[in-house]
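The chain contents come next:
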Amino acid sequence: MEKIEHNENSAFANEKGVQQLEGSGRVGKDGLLIVGVHSAKFPNEKVLDNITSAVLRYNITHPVVNDADASLWQELEVSCWPTLVILGPRGNMLFSLIGEGHKDKLFLYTSIALKYYKDRGQIRDNKIGIKLYKDSLPPSPLLFPGKVTVDHATNRLVIADTGHHRILVIWKNGQIQYSIGGPNPGRKDGLFSESTFNSPQGVAIMDNVIYVADTENHLIRKIDLEAEKVSTVAGIGVQGTDKEGGAEGEQQPISSPWDIAFGTSGSEVQRNNILWIAMAGIHQIWALLLDSGKLPKKNELKKGTCLQFAGSGNEENRNNTYPHKAGFAQPSGLSLASEDPWNCLFVADSESSTVRTVSLKDGAVKHLIGGERDPMNLFAFGDVDGVGIDAKLQHPLGVAWNKKRNLLYVADSYNHKIKVVDPKTKNCTTLAGTGNTNNVTSSSFTESTFNEPGGLCVGENGRLLYVADTNNHQIKVMDLETKTISVLPIFKSENAVVDGPVRLEKPKTVPKLPKSAPHIRLSPVTVCPVQTLQFKLRLDLPPGTKLTEGAPSCWFLTAEGNEWLLQGQIPSGVIENISNQPTISLQIPGNCLSLEVVLSISVFLYYCSGDSSACMMKGILFSQLLRITDTQAGCIAPVELKHAF
């Protein structure tokens, strides 16, 4: 069996030639096997669960090896990402290809090698059966949401539902108004019912028009919500290598746009006539002129022009007063602070693990936090609160400026935290997240967890921070005044404009509780619509026992006769560790059909004696009466679900 060993790069990107080879019909049945070897740069990328998430996110269908200690990297004498190695049937190395753009050579060399070994009877045509992990997963309302933004005029949210290849427009209670694109990738303009995207990331909305960084299509798309149409405004649909630009949008090749932000040219009245683009593929910041205008040190530019603004195109952590001499490393997040004294773009520069600023007056690129002084060192990452260069991040993907508070929020993605920066002092501190990736939504910022958060935006006049918690497939809402976090439920209304199904998880059947199961009635709680209630499990097993490995210890929510209460909620979950039990979140719907509801929480625990000689199951039922009022209630303390078996 001949193998192509593909060394995945540090962003888990799958090389285009390999994807096309997979689609050629030769893999497996023609004696060809593709194996991805993932040799990570960042510590976070060595964790198996994170690699599994990346395989799902990028729809990788070949086996992937976690080369956590870089042993295969050394054995195959690899020196950079990505590298393609072709091995013969005895594991003998035939040749290697370094970097991207080798599709023709890859097809040629592979065809010759297959014919050579087939003629000598050294390879077989037996098809290798592969069962994909993604096929065993339940459907989810969101799949790896990359970015989120607020429409301040209407209080709607726009979500890049990246894994479903679609854009969602939702009301702030989570109800879907529009679903555009998906569930499969594609590249098609037209009516909402026929339009498609491919792993969209950045989104920006203004005057009922949404702009989208359609990342894997290498396009900037425009969604007109009034006309219900999608069009292309920049890019040609294939990855470009041009690092200067200057052509009109639809004639200008671009490369992996990852985030976008509205801006204004020159010192004119604020009219948002520029779309700033974080061009991750060529390590630059670009501008698309939505109307005629000027950029710093540029002549008048006509509407539709798309061109480089800052960054040489070299992958570096280089700051410079001359924007074209500065260097970025996969810039992935943008946020604008147009007011004085800031007057800049904040940039989450992922591969250098820094946050930088780009002046809107002269394009000067300056350091804010993270990284180190050597512009060629892209390995200065960590998880350290501090000032300026003493602060350390790990692959940040998102930034959001809070104009009211004069603070910058950072999605420190590979540290699984949200951090806050005072740009005046350059002081960076952890705002939320423990660094663990288990999905815990707590009433406390410091107890809640995230899993590679990728996008942020500020709403409600600076009070709320919306977080695209990418690998948890959720949008989380952080209240910056009460310091509480909730999960935004995503649900479909009957009159939503939807292209493709909203794949809500089918409710699981709740097992019957044993007759001996205790029934605990909790004290009534008064809540108001849209408020989030937290339930903390605090269950104790008998001394000397432990949870049964592999057995489904779990919890379920039910509301008999009032099923509307659980629409769009997470109705069940697992209990993996008795010493770190989950917190259950429930957001009261905006439209309540009853003023009193009984919520039932059923818990099933499977446990064994210490020597596993005896195993058993215990259950318990908690009943919580909810009294719903229109009066705005204050912060509700989490309800503790306590019991000792």
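In this text, all values refer to a predicted model and were calculated from it rather than measured experimentally. (Residues numbered from 1 in each chain as written. Predicted model: local features only at pLDDT ≥ 70, side-chain atom pairs only at ≥ 80, totals over all residues. Heavy atoms only, no water.)

1. Details of the overall build of the chain
Broken down by element type, the chain carries 4 helices and 43 strands. Looking at the chain residue by residue over its 645 residues, the buried ones come to 55%. Look at the contacts in the chain between residues 6 or more apart in sequence, and 57% of them connect residues 24 or more apart. Split by element, the accessible area of the chain, about 27,400 Å² in all, is 49% carbon and sulfur. (Helix = DSSP H or I, 4+ residues; strand = E, 2+ residues; numbered from the N terminus. Buried < 20%, exposed > 50% of the residue type's maximum accessible area, 1.4 Å probe, protein only. Contact = heavy atoms within 4.5 Å. Areas by Shrake-Rupley, 256 points an atom, 1.4 Å probe, with all protein chains shown as cover.)

2. What to know about the sheet that holds strand S17 (residues 274-279)
Read across the sheet, 5 strands follow the order S15-S19-S18-S17-S16 without closing on themselves; strand pairing throughout is antiparallel. The sheet is open, and its two borders are formed by strand S15 (245-248) and strand S16 (257-263), each paired with just one other strand. On average, each strand axis in the sheet is inclined to that of its neighbour by 25°, with strand direction left out of account. Where S17 and strand S18 (residues 284-289) come together, 6 bridges link them in antiparallel fashion. Within S18, the residue paired with leucine 275 across the bridge is leucine 288. (Pairing = 2+ DSSP bridges. Axes fitted to C-alpha atoms, helices over the stretch in contact; angles between N-to-C directions.)

3. Points about the UniProt feature "repeat: NHL" (unreviewed entry) in the chain
Listed under "repeat: NHL" (unreviewed entry) in the UniProt record, and renumbered for this structure, are residues 393-424. Overall, residues 393-424 shows 0% helix and 53% strand. The separation of its end C-alpha atoms is 19 Å. (UniProt positions renumbered as here; feature names shortened; annotations may be inferred.)

4. Here we look at the sheet that holds strand S40 (residues 583-587)
One open sheet holds the 3 strands; their spatial order is S40-S36-S43, and the pairing between them is mixed. The outermost strands of the open sheet, each flanked by one partner alone, are S40 and strand S43 (639-644). The average angle at which neighbouring strand axes cross in this sheet is 20°, direction not considered. Alignment of strand S36 (residues 532-540) against S40, held across 5 bridges, turns out to be antiparallel. Across the sheet, leucine 533 pairs through a bridge with leucine 586, a residue of S40.

5. A closer look at the pairing of strand S30 (residues 464-469)
Looking along a regular strand, one sees the side chains alternate between the two faces of the sheet. In terms of burial, S30 is a largely internal element, 6 of the 6 residues being buried. The alternating pattern of S30 places Leu464, Tyr466 and Ala468 on one face and Leu465, Val467 and Asp469 on the opposite face, and all of these are buried. Direction of pairing for strand S29 (residues 455-459) relative to S30: antiparallel, over a ladder of 5 bridges. In the sheet register, glycine 455 faces S30, and the bridge partner there is alanine 468. A loop of 4 residues connects S29 with S30, the two strands running antiparallel in sequence, and glutamate 460 in this loop sits at a positive phi of about 50°. For S30 and strand S31 (residues 474-479), the ladder comprises 6 bridges, and the chain directions are antiparallel. Pairing of leucine 464 across the sheet is with aspartate 479, part of S31. The turn joining S30 and S31, which pair antiparallel and follow one another in sequence, is formed by 4 residues; a positive phi near 60° is taken by histidine 473.

6. Examining the nonpolar core
Ranked by internal contacts, the top residues of the largest apolar core, which has 32 residues, are Leu565, Leu599, Ile601 and Val603. Counting residues per element, the ones that place at least two in this core are strand S35 (525-527), S36, strand S38 (554-558), S40, strand S41 (596-609), strand S42 (615-628) and S43. Among the elements that take part in this core, S41 stands out by supplying 6 residues, more than any other. In terms of nonpolar packing, the next biggest core, distinct from the first, is built from 20 residues, Ala278, Leu289, Leu334 and Leu360 among them. (Core = buried A, V, L, I, M, F, W, Y, C linked by side-chain atoms within 4.5 Å.)

7. Re the environment of lysine 294
Checked against the element boundaries, lysine 294 lands in the loop between S18 and strand S19 (305-310). Here the alpha-carbon distance between lysine 294 and asparagine 273, two residues 21 residues apart in the chain, equals 9.8 Å.

8. Topic: helix H2 (residues 48-57)
Along H2, the residues classified as buried are Asn50, Ile51, Ser53, Ala54 and Arg57. End-on, the buried residues of H2 take up no more than an arc of 155°, which puts them together on one face. For H2, the exposed residues set more than 90 degrees away from the buried face come down to Leu48 and Asp49. Buried residues along H2 sit against strand S2 (32-38) and strand S3 (64-66). Where H2 terminates, the next one or two residues include asparagine 59, which has phi positive at roughly 55°. (Arc of directions from axis to C-beta.)

9. Brief notes about the packing of aromatic side chains
Throughout the structure, instances matching the rule amount to 8 aromatic pairs. Summarising the aromatic geometry, the rings of tyrosine 178 and phenylalanine 192 are spaced 5.7 Å apart at their centres and angled 85° between planes, so their arrangement reads as edge-to-face. Placement of the pair is tyrosine 178 in strand S9 (residues 175-181) and phenylalanine 192 in the loop between strand S10 (190-191) and strand S11 (203-206), with a sequence separation of 14 residues. Of the two residues examined, tyrosine 178 and phenylalanine 192, each falls in the buried class. Here tyrosine 211 and phenylalanine 262 contribute two aromatic rings whose centre-to-centre distance is 5.9 Å and whose plane-to-plane angle is 85°, an arrangement assigned as edge-to-face. Taken as a pair, tyrosine 211 in strand S12 (residues 209-214) and phenylalanine 262 in strand S16 lie far apart in primary sequence, 51 residues in all. Among the aromatic residues, ring-to-ring pairing joins Trp342, Phe346 and Trp401 into one connected group. Looking at lysine 325, its charged tip hangs above the ring of tyrosine 322, at a distance of 5.3 Å from the centre. (Phe/Tyr/Trp six-rings, centres within 6.5 Å; stacked < 30°, edge-to-face > 60°. Lys NZ or Arg CZ within 6 Å of the ring centre and 35° of its normal.)

10. Quick look at the confidence of the model for the chain
Predicted confidence across the chain gives a mean pLDDT of 86, with 88% of residues reaching 70 or more. Long-range and interchain partners of residues 1-16, a stretch whose pLDDT sits below 50, account for 102 contacts in this model, where long-range means more than four residues apart. Throughout residues 499-506 the model reports pLDDT below 50, and contacts reaching past four residues in sequence, or to other chains, amount to 24 contacts. (pLDDT = per-residue confidence, 0-100.)

11. A closer look at the pairing of S40
Of all the 5 residues making up S40, 5 are buried; the element is thus mostly covered by neighbouring parts of the structure. Burial along S40 is two-sided: Thr583, Ser585 and Gln587 and Ile584 and Leu586, pointing in opposite directions, are all buried.

12. Points about the environment of glycine 544
With respect to the helices and strands, the residue glycine 544 is situated in the loop between S36 and strand S37 (545-547). Along the sequence, glycine 544 and glycine 610 sit 66 residues apart, while their C-alpha atoms lie 5.5 Å from each other.

13. So, the side chain of serine 553
Looking at the element boundaries, serine 553 is found in the loop between S37 and S38. A distance of 3.0 Å separates a polar side-chain atom of serine 553 from the backbone nitrogen of tyrosine 606. The contacts of serine 553, once residues within four sequence positions are left out, are Leu547, Gly573, Val574, Ile575, Phe604, Leu605 and Tyr606. (Polar contact = N/O pair within 3.5 Å; in protein donor to acceptor, adjacent residues only side chain to side chain.)

14. Points about the environment of lysine 546
Tracing the sequence through the fold places lysine 546 in strand S37. Assessed through its relative accessible area of 38%, lysine 546 is described here as partly exposed. Counting along the chain gives 69 residues from lysine 546 to cysteine 615, while the straight-line C-alpha distance between them is 9.4 Å.

15. Focus on unusual backbone geometry
In this model, glycine 182 is joined to proline 183 through a cis peptide bond whose omega is 0°. Mapped onto the secondary structure, proline 183 falls in the loop between S9 and S10. Of note, the bond from aspartate 340 into proline 341 is cis; its omega dihedral lies within 30 degrees of zero at 5°. Mapped onto the fold, proline 341 is located in the loop between strand S20 (331-337) and strand S21 (344-349). In this model, serine 199 sits at a positive phi of 50°, which is unusual for a non-glycine residue. Residue position: serine 199 is located in the loop between S10 and S11. Classification of serine 199 by relative accessible area gives buried; the value is 11%. Of note, glutamine 330 is a non-glycine position whose phi angle comes to about 55°, a positive value. Among the residues examined, glutamine 330 registers a relative accessible area of 17% and is labelled buried.

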